[in-house]
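Working through the structure, step by step
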Amino acid sequence: MPAWVEINILREPKVEKPALIQGLPGLGFVGKLAVNYIIDEFKLKPFAEIYSSYLILSDGSTGVQIREDGTYHLPKIELYACTESKKHAILITGDVQPTIHGQYELVSRIIDLAQRYGCDMIIALGGFQTPIERELGKVYGVFNDLSFENKFKDLGVQITRSGAITGACGVILGLGSQRNLPSIGLLGATRGDYPDMEAARSVLKVLSQIIGLKLDFSRLEKEIEAVSYTHLTLPTN
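Residues numbered from 1 in each chain as written. Predicted model: local features only at pLDDT ≥ 70, side-chain atom pairs only at ≥ 80, totals over all residues. Heavy atoms only, no water.

Regarding the environment of Pro98
So the rule is basically this: Strands here are runs of E lasting at least two residues and helices are runs of H or I lasting at least four, both read from the DSSP assignment and numbered beginning at the N terminus. Should any heavy atoms of two residues lie within 4.5 Å, those residues are counted as being in contact.
By the secondary structure assignment, Pro98 is in the loop between strand 7 (89-94) and helix 2 (103-116). In sequence terms Pro98 and Ser53 are 45 residues apart; their C-alpha atoms lie 8.8 Å from each other. Setting aside chain neighbours within four positions, we find Pro98 in contact with Leu24, Tyr54, Leu55, Ile77, Gln103 and Leu106.

Considering the pattern of salt bridges
Under the convention used in this document: One side-chain nitrogen of Lys or Arg within 4 Å of one carboxyl oxygen of Asp or Glu is enough to make a salt bridge. Any residue under 20% of the maximum accessible area for its type is buried, any over 50% is exposed, and the rest in between are partly exposed; the area is computed with a 1.4 Å probe on protein chains only.
Counting across every chain of the model gives 13 salt bridges. Between Asp112 and Arg179 there is a salt bridge whose closest N-O contact spans 2.7 Å. With Asp112 in helix 2 and Arg179 in the loop between helix 4 (167-178) and strand 11 (183-190), this pair connects stretches of sequence that are 67 residues apart. Looking at Arg179, the relative accessible area reads 25%, which means it is partly exposed. Put simply, Glu221 and Arg201 hold a salt bridge, and the shortest N to O gap is 2.6 Å. Note that Glu221 is positioned in helix 6 (residues 218-233) and Arg201 in helix 5 (residues 197-211), a separation of 20 residues in sequence. A cluster of three or more residues bridged by salt bridges with shared partners is formed by Glu41, Arg219 and Glu223.

With respect to the nonpolar core
Selection criterion: To qualify as a nonpolar core, a set must consist of buried Ala, Val, Leu, Ile, Met, Phe, Trp, Tyr and Cys residues joined through side-chain atoms within 4.5 Å.
One finds Ile21, Leu91 and Ile123 to be the most contacted residues of the largest nonpolar core, which totals 37 residues. The biggest single contributor to this core is helix 5, with 8 residues. In contact with Leu91, other than residues within four places in its own chain, are Ile21, Val35, Ile38, Ile39, Leu44, Glu78, Leu79, Tyr80 and Cys82. Core analysis: the second largest hydrophobic core is formed by 36 residues, Leu106, Ile111, Leu173 and Leu175 among them.

Digging into a nonpolar patch on the surface
Here is the rule: In this analysis, a patch consists of residues with relative accessible area above 30% that form no salt bridge, clustered at 9 Å for like charges and at 5 Å for the nonpolar side chains Val, Leu, Ile, Met, Phe, Trp and Tyr. Every accessible area reported is derived by Shrake-Rupley at a probe size of 1.4 Å, with residue values counting cover from the shown protein chains alone.
Taken together, the side chains of Trp4, Val64, Ile66, Tyr72 and Leu74 present a nonpolar region at the surface, about 530 Å² in accessible area. Inspection of the secondary structure assignment puts Trp4 in the segment before strand 1 (5-9). Owing to a relative accessible area of 39%, Trp4 belongs among the partly exposed residues under this scheme.

What to know about helix 4
Let me state the cut-off plainly: Multiplying 1.5 Å by the helix residue count minus one yields the expected span of that helix.
Taking 1.5 Å per residue, 12 residues should reach 16 Å; helix 4 reaches 17 Å between its end C-alpha atoms and fits that length. Three or more residues of helix 4 are buried, namely Ala168, Cys169, Gly170, Val171, Ile172, Leu173, Leu175 and Gly176. Structurally, helix 4 contributes buried residues whose contacts are with strand 2 (19-22), strand 7, helix 2, strand 8 (121-129), strand 9 (139-143) and strand 11. One or two positions beyond helix 4, positive phi appears at Asn180, with a value near 60°.

Focus: the packing of helix 1 (residues 30-41) against helix 5
Formally: Fitted lines through C-alpha atoms serve as axes, helices being fitted only where they are in contact, and the angles separating the N-to-C directions of these axes extend from 0 to 180 degrees. To sort the angles, those under 35 degrees are grouped as roughly parallel, those over 145 as roughly antiparallel, those from 65 to 115 as roughly perpendicular, and the leftovers as oblique. Working rule for handedness: look at the near helix, and if it is turned counterclockwise from the far one by less than a right angle, call the crossing left-handed; if clockwise, right-handed. Classification convention: Asp, Glu, Lys, Arg as charged; Ala, Val, Leu, Ile, Met, Phe, Trp, Tyr, Cys, Pro as nonpolar; all other residues, Gly among them, as polar.
At a minimum axis separation of 8 Å, helix 1 and helix 5 run at an interaxial angle of 60°. The orientation of helix 1 with respect to helix 5, classified from their angle, is oblique. The hand of the helix 1/helix 5 crossing is right-handed. Residues Val30, Leu33, Ala34, Tyr37 and Ile38 of helix 1 lie in contact with helix 5, whose contacting residues are Met197, Ala199, Ala200, Val203, Leu204 and Leu207. Looking at the contact of helix 1 with helix 5 residue by residue, the classes come out as 11 nonpolar, no polar and no charged.

Now the structure itself:
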């Protein structure tokens with residue numbers, strides 16, 4: 001049985017040569033937290049919704065996700081247009097990642113749609129798992145064009161020279177290269193065992209410089225402080 005994929009265009013985005021920025025849930029929820037912060041800060045509205053049999057609930061079952069108000073929806077991926085940056089962007093976020101067997105197809109369909117609006121660059125945001133305390137707060141990067149190397153060094157990004165990037169974050173980088181699109185990955189160092197807002201902040205600071213986005217971090221700083229305070233006051237036994 002063929003997979004079911006439905007793409008609903010809610011409105012036509014007014015973007016010029018946007019970067020396609022991936023922020024689906026992943027390690028430490030770094031990419032999702034970063035993209036959702038931009039969405040919330042600028043009160044962006046989705047211009048497209050993607051539904052598919054490749055999108056299932058986080059426990060691996062099929063069904064609907066229930067909202068706080070009692071309504072529900074199928075798992076979905078949403079696309080947002082950000083024109084507040086010098087380099088326009090199309091932001092990808094969602095409830096879940098596509099299943100392993102559907103990642104290539106869904107990511108390819110998303111790139112197809114982005115290129116329809118002139119997309120000329122891919123930026124994948126994610127987490128870089130590390131148990132080493134001194135590495136937390138760093139941003140690691142990969143690229144498909146050596147011209148990015150000096151830019152990364154200027155921004156304090158550590159160039160990753162081994163390992164693998166898995167899931168939608170890796171797939172979108174691979175497919176971007178197949179289409180000869182400049183493609184980079186920004187990975188925030190994280191322990192990976194809980195949503196890591198500090199790693200998301202580090203990634204956002206680099207991303208904002210790359211796309212020319214003036215971002216107010218005050219709300220994020222307060223959220224990080226609140227989480228840190230909660231961790232400090234939790235009982236140890």
